[in-house]
Structure formats: C-alpha cells, structure tokens
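Chain by chain, the residues run as shown.
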Amino acid sequence: LLPFEAARIRIVADPTYAKGMIGVMSRLVKEQGFTGIYGGLVPILCKQVPFTITQFLVFETVASALYRELSKRIDNVGAKYGTQITLGSALVAGISASLVSQPGDTVLSTISKAPGTSVFAAVSKLGPAGLFLGSSARCVHVTSFIVAQFLIYDTIKRACGIAVAGSQASGAQNPAAAPESATPAPA
C-alpha cells in the first residue's frame, strides 16, 4: 500500500512530476532512495491504526450503550429505533476516528510536501495545535462515509437476520429475524 500511497500523493501534489504510477515511483526512488516511497510508513500507521480501531470500538460501544439504556424504557427498541441508533453511533464513531487520526494525517501531508522531512521534524514544525489543522473539514468528510458504511452494513445484517452492533447488550431482538414464540409448541 505505502509505495502506491506515496506515489498517489505526489501525483496529486504535482501532476507533472512524472508520467504514470511506475514513473512517479521510479523518480521518487531515484531522487530520495527508498525513503521516498516508504518515508511515510510511521505517519500512515499513526493515522490508519488509530482510525480503524477507534471507528469500530466507538461504534460498538455507543450502539451497545444506546440499546442498553433505551431498552429500559422502550419495548422492542431495535425494531423501532435500530436505524437511528446506527446513525447516532456512526456519527460519534466518525467524529472520534477523524480526530484521533488527524495528527498522523497532518504529519503524512507535511512529509509529502517536503520530501526528506522526518516525522520528528514534522511534529516539531507543526506543534500540538498544528497537528489538528484541517480537523473540521476532515470530520465532515470522514464522518459522512463512516455513517454511510455503517448504515449499509447494519441494513445488510438486518436483511440477513444477523443481530446488529450493540443489539445484544439489551437482548433486543433483530427486527428482521422471526420472533420467538412465548408459548411452547404442542408436542
């Protein structure tokens, strides 16, 4: 992934840099050595790992808490509010994942703009506040696709009769699944 991400960022930053993906990677290696295509490894890990962990952990935690609390007041909460719970949980997850991964994204952008810059130099140059430059735009961008992703995911799970995230916390029944009978079938 990383050599291609480095080349993609270079092409976006300077479309005249070289022709095609292979041309860009060849020129990067020629000018900067392998750090030209792998220099962003640490920042991309600092961006993607926290992003992915936060996205799923927050979504599951918020959905579980909502199902647990709402089921104390509302019967069959999943059937009545399942989509809204997914939407709310995904919004919180998207904002959280955006903010947690923003420093890594900012450092990666800084390194890409100034080849040869180390992670430490980029962090020192940016300072604590600088690590969060562009956070609001990134929150809107990232949160929108995370919300869409989780809405589609939960819709498919419901259609297949699979319990959605957090619904087990309340014992909430999946609205797509057949209801269980309260009385035993005659023998």
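As a reminder, the structure under discussion sits directly above these lines.
Notes on the structure in this doc start here. (Residues numbered from 1 in each chain as written. Predicted model: local features only at pLDDT ≥ 70, side-chain atom pairs only at ≥ 80, totals over all residues. Heavy atoms only, no water.)

What about the overall build of the chain?
Secondary structure summary: the chain contains seven helices and zero strands in total. When the elements of the chain are put in sequence order from the N terminus, they spell out α-α-α-α-α-α-α. Residues classed as buried in the chain amount to 37% of the 187 residues present. A separation of at least 24 residues holds for 65% of the contacts in the chain among residues at least 6 apart in sequence. For the chain, the accessible area works out to roughly 10,700 Å², and carbon and sulfur atoms hold 68% of it. (Helix = DSSP H or I, 4+ residues; strand = E, 2+ residues; numbered from the N terminus. Buried < 20%, exposed > 50% of the residue type's maximum accessible area, 1.4 Å probe, protein only. Contact = heavy atoms within 4.5 Å. Areas by Shrake-Rupley, 256 points an atom, 1.4 Å probe, with all protein chains shown as cover.)

What to know about the layout of surface pockets
Roughly 290 Å³ of internal volume is contained in the largest pocket. Around the largest pocket sit 19 residues that line it, and Gln32, Thr35, Gly36, Gly40 and Ile111 are the ones nearest its centre. Residue assignment for the lining of the largest pocket shows that the elements contributing at least two residues are helix H1 (2–13), helix H2 (20–32), helix H3 (35–38) and helix H5 (77–113). Partitioned by chemical class, the residues of the lining of the largest pocket number nine nonpolar, eight polar and two charged. (1 Å grid on protein atoms, 1.4 Å probe; cavity = no way out; pocket = protein on both sides within 12 Å on 5 of 7 lines; lining within 4 Å. Points joined across faces, edges and corners; volume = space filled by probe spheres on them. Nonpolar A, V, L, I, M, F, W, Y, C, P; charged D, E, K, R; others polar.)

Here we look at the packing of aromatic side chains
Under the criterion given, the structure shown has two aromatic pairs. Seen from their ring centres, phenylalanine 56 and phenylalanine 150 are 5.6 Å apart, and the 85° between their planes marks the pair as edge-to-face. In this pair, phenylalanine 56 is assigned in helix H4 (residues 41–70) and phenylalanine 150 in helix H7 (residues 135–159), connecting sequence segments 94 residues apart. Judged by relative accessible area, which is 39%, phenylalanine 56 ranks as partly exposed. Exposure remark for phenylalanine 150: the relative accessible area of 2% places this residue in the buried category. When the ring of phenylalanine 59 is compared with that of phenylalanine 150, the centres are 3.8 Å apart and the planes differ by 5°; the resulting orientation is stacked. (Phe/Tyr/Trp six-rings, centres within 6.5 Å; stacked < 30°, edge-to-face > 60°.)

With respect to the environment of serine 167
One can find serine 167 in the segment after H7. Taking the C-alpha atoms as reference, serine 167 lies 6.8 Å from glycine 78; in sequence the two are 89 residues apart. Looking at serine 167, its side chain comes within polar contact range of the main-chain oxygen of valine 164, at 2.8 Å. (Polar contact = N/O pair within 3.5 Å; in protein donor to acceptor, adjacent residues only side chain to side chain.)

Focus: the pattern of salt bridges
Side chains that differ in charge, positive against negative, can pair when their charged atoms come close. Counting across every chain of the model gives five salt bridges. Put simply, arginine 8 and glutamate 5 hold a salt bridge, and the shortest N to O gap is 2.9 Å. You can see arginine 8 and its partner glutamate 5 sitting in helix H1, three residues apart, about one turn around the helix. Of the residues examined, arginine 8 reaches a relative accessible area of 40% and is grouped as partly exposed. (Salt bridge = Lys/Arg side-chain N within 4 Å of Asp/Glu carboxyl O.)

Let's talk about H7
Along its 25 residues, H7 runs 35 Å from first to last C-alpha, staying within 8% of the 36 Å computed at 1.5 Å per residue. When we look at burial in H7, the residues that qualify are Ser135, Arg138, Cys139, Val142, Thr143, Ile146, Val147, Phe150, Asp154, Lys157 and Arg158. The positive-phi residue at the C-terminal boundary of H7 is glycine 161, with phi of around 75°. (Expected span 1.5 Å × (residues − 1).)

Regarding a nonpolar patch on the surface
Together, Leu41, Leu45, Val49, Ile53 and Leu57 give the surface a local cluster of nonpolar side chains, amounting to about 450 Å² of exposed area. Structurally, the position occupied by leucine 45 is in helix H4. (Patch = residues over 30% accessible without salt bridge, like charges linked within 9 Å, V, L, I, M, F, W, Y side chains within 5 Å.)

Remarks on the nonpolar core
Core analysis: the biggest nonpolar cluster contains 17 residues, and Phe51, Phe59, Tyr67, Ile85, Ala90, Ile146 and Phe150 have the highest contact counts within it. Those elements that provide at least two residues to this core are H4, H5 and H7. The residues touching phenylalanine 59, leaving out its near neighbours within four places in the chain, are Thr54, Thr86, Ser89, Ala90, Ala93, Phe150, Asp154 and Ala165. Of all hydrophobic cores here, the second largest spans six residues; its members include Ala7, Val24, Leu28 and Ile37. (Core = buried A, V, L, I, M, F, W, Y, C linked by side-chain atoms within 4.5 Å.)

Focus: the packing of H4 against H5
Between two packed helices, the angle of one axis relative to the other and the distance separating the axes together describe the packing. H5 packs onto H4 with a crossing angle of 160° between their chain directions and a minimal axis gap of 7 Å. In terms of orientation, H4 and H5 fall into the roughly antiparallel class. Taken as a pair, H4 and H5 cross one another with a handedness that is right-handed. Class assignment of the residues belonging to the contact of H4 with H5 gives a composition of 22 nonpolar, nine polar and two charged. (Axes fitted to C-alpha atoms, helices over the stretch in contact; angles between N-to-C directions. Parallel < 35°, antiparallel > 145°, perpendicular 65-115°, else oblique. Left-handed = near helix turned anticlockwise from the far one by under 90°.)

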